[in-house]
Every structure is written in structure tokens, then in C-alpha cells.
Amino acid sequence: QLHLVESGGGLVQAGGSLRLSCAASGSIFIIRAMGWYRQAPGKQRELVAAITSGGSANYTDIVKGRFTISRDNRKNTVYLQMNSLKPEDTAVYYCNANLKRTILGGWNDYWGQGTQVTVSS
């Protein structure tokens, strides 16, 4: 079994901050990239930020300067610090991990169950 468990979502006023966490556990050999995606009602899921095992991060333009992704490789955990939140950031945020479960296995994507972030105006 493999689990990605997210936490940290909630309701916040515009301009506020939230910190999301996602811990991967179970049968894992190695994790390559971890990231956060989000899906707003009626919209497609989109990449918010991703980070490699070496710490290289990339962000979608609309969150640059406001969100920071980080990772603790020893804990198989990825974080998303979200500052200066806007109502348009409201969405379900999903954690993603690209990993191998065994040394001979292939690279596959796994997803968390999602955590709701709601930003009120």
C-alpha cells in the first residue's frame, strides 16, 4: 500500500496564509518529483508547483512570488506555503508524487485525496 496524505487546507481571508503538507508513506523505493496541483469548480486540474529530489522548484506564473514549495526527503513530505492568498486561489489542492515502489519498478504518479482551500474576499 502507498498513501499520500494531505493536511493544512481550510478557510482563510484574502491576504492570509496557509501551509499545506503532504506525507507519502508505504512501499516506496525512491521519489523523483513531488508537487501540488489544484482544481477549481468547473475547471481542469492545473499544476501549481513542483520540486525535484534535488530541490529544484518550478511554479505556475500566477503563484510566483506568493507560494513556496519545499520538501523533506527524509520524511517523504512536501509542503506548500501559500501567502497573499486571493479568492481565485480557491480550489481543491492535490499532492502528487512521481516515484518507484521497487528498484526494478517503473516511475508512476500517485495522488493524494485532496484538501480544500477556500479564500474569502
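The structure we're discussing is the one just above.
Residues numbered from 1 in each chain as written. Predicted model: local features only at pLDDT ≥ 70, side-chain atom pairs only at ≥ 80, totals over all residues. Heavy atoms only, no water.

Caption draft 1: Quick look at a nonpolar patch on the surface. On the surface, Phe 29, Ile 30, Ile 103, Leu 104 and Trp 107 cluster together into a nonpolar patch covering about 550 Å² of accessible area. Mapped onto the elements of the fold, Ile 103 is located in the loop between strand S9 (91-100) and strand S10 (108-111). (Patch = residues over 30% accessible without salt bridge, like charges linked within 9 Å, V, L, I, M, F, W, Y side chains within 5 Å. Areas by Shrake-Rupley, 256 points an atom, 1.4 Å probe, with all protein chains shown as cover. Salt bridge = Lys/Arg side-chain N within 4 Å of Asp/Glu carboxyl O. Helix = DSSP H or I, 4+ residues; strand = E, 2+ residues; numbered from the N terminus.)

Caption draft 2: View of the side chain of Glu 6. Locating Glu 6 in the fold gives a position in strand S1 (residues 2-7). It is Arg 45 that comes nearest to the buried, bridge-free Glu 6 among opposite-charge side chains, at 7.7 Å. Within the local environment of Glu 6, its side chain forms a polar contact with the backbone nitrogen of Cys 95, the two atoms lying 2.6 Å apart. A polar side-chain atom of Glu 6 sits 3.1 Å from the main-chain amide nitrogen of Gln 113. (Buried < 20%, exposed > 50% of the residue type's maximum accessible area, 1.4 Å probe, protein only. Lys, Arg positive; Asp, Glu negative; His and termini not counted. Polar contact = N/O pair within 3.5 Å; in protein donor to acceptor, adjacent residues only side chain to side chain.)

Caption draft 3: Representation of the nonpolar core within the structure. Trp 36, Val 48, Phe 67, Val 78, Leu 80, Met 82 and Tyr 93 are the most contacted members of the largest nonpolar core, which totals 28 residues. Elements that contribute at least two residues to this core include exactly S1, strand S3 (18-26), strand S4 (30-39), strand S5 (46-52), strand S7 (67-72), strand S8 (77-82), S9 and strand S11 (115-120). The element contributing the most residues to this core is S9, with five residues. (Core = buried A, V, L, I, M, F, W, Y, C linked by side-chain atoms within 4.5 Å.)

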